[in-house]
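The chain contents come next:
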Amino acid sequence: MDYQFTNDKPIYLQLMDVFKAGIISGELPQGSRLESVRDLALKAQVNPNTMQKALSELERLGLIRTERTSGRFITDDGSKIEAMKKELAEEEIIAFLERMKTLGFTKDDVIQLIKKED
């Protein structure tokens, strides 16, 4: 996974985005075991508390689960992953349309440009 952080939002949210992308893309397969918080924090070069917060939030969202003696695992729930994939796609589309709007394009203009690229 690629950890490149910016100053525009908290690190734990950026970590969550990295994990979400990994889960959705299949880089982190369903049911796979995650490394320890300490190991993940070392790889990302962040404080373990920050990594813990990101993982706790992902668990709250149902994208990972904790098994007391075995560690943390990516969810086996394919429908939850598909729902997250759709949600992220919608967010990207909305952001894209907003950027195009600031450039003076209408939604119909954007559709025509996309059709032209097909």
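Report follows, based on the coordinates. (Residues numbered from 1 in each chain as written. Predicted model: local features only at pLDDT ≥ 70, side-chain atom pairs only at ≥ 80, totals over all residues. Heavy atoms only, no water.)

## Some details on unusual backbone geometry
Leaving glycine aside, a negative phi is the common case for residues, and trans is the common case for peptide bonds.
Item 1. Residue glutamine 45 is not a glycine yet carries a positive backbone phi of 60°.
Item 2. For glutamine 45, the position within the fold is in the loop between α2 (37-44) and α3 (48-60). (Helix = DSSP H or I, 4+ residues; strand = E, 2+ residues; numbered from the N terminus.)

## Concerning the nonpolar core
Item 1. Counting 22 residues, the largest nonpolar core has Phe19, Leu34, Met51 and Leu55 as its most contacted members.
Item 2. Going through the elements one at a time, α1 (11-25), α2, α3 and α4 (78-102) are the ones with two or more residues in this core.
Item 3. Among the elements that make up this core, the one with the highest residue count is α1 (five residues).
Item 4. Beyond its immediate sequence surroundings of up to four residues, methionine 51 is in contact with Leu15, Phe19, Val37, Leu40, Ala41, Ala44 and Val46. (Core = buried A, V, L, I, M, F, W, Y, C linked by side-chain atoms within 4.5 Å. Buried < 20%, exposed > 50% of the residue type's maximum accessible area, 1.4 Å probe, protein only. Contact = heavy atoms within 4.5 Å.)

## Notes on a nonpolar patch on the surface
Item 1. On the surface, Leu103, Phe105 and Leu113 cluster together into a nonpolar patch covering about 270 Å² of accessible area.
Item 2. Along the polypeptide, leucine 103 turns up in the loop between α4 and α5 (107-117).
Item 3. Overall, leucine 103 belongs to the exposed group, its relative accessible area being 62%. (Patch = residues over 30% accessible without salt bridge, like charges linked within 9 Å, V, L, I, M, F, W, Y side chains within 5 Å. Areas by Shrake-Rupley, 256 points an atom, 1.4 Å probe, with all protein chains shown as cover. Salt bridge = Lys/Arg side-chain N within 4 Å of Asp/Glu carboxyl O.)

## Quick notes on the pairing of strand β2 (residues 71-74)
Each regular strand displays side chains that alternate between the two surfaces of the sheet.
Item 1. With four bridges joining them, strand β1 (residues 64-67) and β2 adopt antiparallel strand pairing. Its bridge partner being in β2, glutamate 67 is matched across the sheet by glycine 71.
Item 2. Between β1 and β2, which pair antiparallel in sequence order, lie three residues. (Pairing = 2+ DSSP bridges.)

## Overview of the side chain of lysine 20
Item 1. For lysine 20, the position within the fold is in helix α1.
Item 2. Residues in contact with lysine 20, not counting those within four places in the same chain, are Leu58, Leu61, Leu63, Met84 and Leu88.

## Digging into the environment of asparagine 7
Item 1. On the secondary structure map, asparagine 7 appears in the segment before α1.
Item 2. With 49 residues separating them along the chain, asparagine 7 and serine 56 place their C-alpha atoms 22 Å apart.

So yeah, pure geometry; function would need other evidence.
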